[in-house]
Amino acid sequence: MLHILLTEISVSSIRSQVSLFLTTFQATTMVAFNDNFPCIPVVDLSQNSASSLIVEACESFGFFQVKNHDISTDIITTLEAKAFAFFELPQSAKEKDVPRPFCYNTNSIGRRGDTGCLEYLLTSVSNSDNIHSNDFLTLANIYISPIRKMACQILELMADGLKLEPRNVLSRLLSDDKSDSRFRINYYPPCAGMELGFGEHTDPQIISVLRSNAASGLQILKDGIWIPVPPDPSSFYINVDDCLQVMTNGRFKSVKHKVILSENWKQRLSMIYFGGPPLSAKIAPISSLMKDEEESPYKEFTWSEFTTSVANTRLDFDRLSPFLKSPN
Ligand SMILES: O=C(O)CCC(=O)C(=O)O
Ligand SMILES: [Fe+2]
């Protein structure tokens with residue numbers, strides 16, 4: 001049975017075969033395995049300890065769960081219902097009635113041949129986007145605006161924890177009118193067997209804020225082991241992205257993650273805000289985080305250069321490697 005499951009999925013490397021084995025095995029021995037998995041760090045934004053917990057989580061996992069945020073449940077569930085209504089339309093209607101400026105895609109991720117068992121809507125988001133041409137976009141903007149504020153709040157708590165001044169040194173990149181952020185809604189249809197939903201990758205921006213319905217599937221890589229993330233629709237999940245790894249000179253690690261769908265699985269719907277800097281922003285370590293004599297392993301680059309390079313690579317490619325001063 002294990003053998004059949006493994007051969008059903010096309011995976012390219014031995015490493016992913018091993019991880020798939022762990023995922024499959026874990027699905028059948030959930031209790032025993034869960035006891036051995038390190039718990040995903042949880043941050044309660046209303047607590048004084050939030051800034052130090054955020055720094056700890058970003059150093060150890062590059063990922064954490066946020067509880068006690070103040071994003072209205074109504075906004076979340078209304079957008080989610082609207083998204084489900086779109087994805088459940090007949091294929092021809094979805095292709096004809098894409099809620100612009102979103103683009104709609106199915107099974108194919110990026111331009112380099114990555115595939116996954118999903119459909120998605122993706123758009124760039126502008127901070128000053130007040131005129132909305134349709135219902136869906138209006139709702140998406142009502143959702144994105146407080147999410148961006150929460151992302152900025154988290155980056156400011158992070159700056160406090162790192163003793164950075166001014167405390168908006170990170171958040172201003174997202175609140176800038178020219179911030180190049182994105183918003184994506186992923187829909188994973190129910191599937192018959194175990195399938196790859198979204199291949200392993202890191203997100204290239206500064207931070208990503210993910211919220212999903214109660215369907216599982218997301219996994220993060222820690223110390224060589226894929227850890228399943230238990231879904232919680234009332235929480236948000238934060239990723240350290242590639243630019244934040246560079247800005248902290250590797251003190252924070254951008255988290256590798258993927259989505260693996262399993263049998264008897266219900267539809268997963270995730271909504272992700274990718275907080276990115278303006279295209280012209282220079283991405284380099286923050287000098288006050290550098291110890292004496294410490295050097296950056298990266299050449300300096302702009303977000304525009306990085307995002308162009310990322311667009312030309314496969315999902316699982318180490319996207320920062322072309323920017324290393326001495327190639328691996
Ligand atoms: O859909 C998910 O849960 C994760 C997707 C993801 O990692 C992405 O869209 O970058
Ligand atoms: Fe991602």
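Residues numbered from 1 in each chain as written. Chains lettered and ligands numbered in written order. Predicted model: local features only at pLDDT ≥ 70, side-chain atom pairs only at ≥ 80, totals over all residues. Heavy atoms only, no water.

(A) Just the overall build of the protein chain, in detail. A count of helical and extended segments in the protein chain gives 10 helices and 14 strands. A total of 328 residues make up the protein chain; the buried ones form 53% of that total. In the protein chain, once contacts between residues fewer than 6 apart in sequence are set aside, the share between residues at least 24 apart is 73%. As displayed, the protein chain offers around 15,200 Å² of accessible surface, 52% of which is attributable to carbon and sulfur atoms. (Helix = DSSP H or I, 4+ residues; strand = E, 2+ residues; numbered from the N terminus. Buried < 20%, exposed > 50% of the residue type's maximum accessible area, 1.4 Å probe, protein only. Contact = heavy atoms within 4.5 Å. Areas by Shrake-Rupley, 256 points an atom, 1.4 Å probe, with all protein chains shown as cover.)

(B) Geometry of the confidence of the model for the protein chain. When the pLDDT values of the protein chain are averaged, the result is 87; 86% of them are 70 or greater. Under a pLDDT of 50 for its full length, residues 1-34 has, in the predicted model, 35 contacts with residues more than four places off or in other chains. (pLDDT = per-residue confidence, 0-100.)

(C) Main features of the site of ligand 1. Around ligand 1 sit 13 residues in total, of which Asn186, Tyr188, His257, Arg268 and Ser270 are the nearest. In this structure, an oxygen atom belonging to ligand 1 sits 2.6 Å away from a side-chain N or O atom of Tyr188. Between ligand 1 and His201 there is a distance of 3.1 Å, counted from an oxygen atom to a side-chain nitrogen or oxygen. Protein contacts shield 97% of the accessible area of ligand 1, which totals 300 Å² for the unbound molecule. The cavity where ligand 1 resides is the largest pocket. The dominant element in the shell around ligand 1, judged by the number of residues it contributes, is strand 12 (residues 268-275), at 4 residues. (Near = heavy atom within 4 Å. Polar contact = N/O pair within 3.5 Å; in protein donor to acceptor, adjacent residues only side chain to side chain. 1 Å grid on protein atoms, 1.4 Å probe; cavity = no way out; pocket = protein on both sides within 12 Å on 5 of 7 lines; lining within 4 Å. Sits in = over half its atoms within 2 Å of the grid points.)

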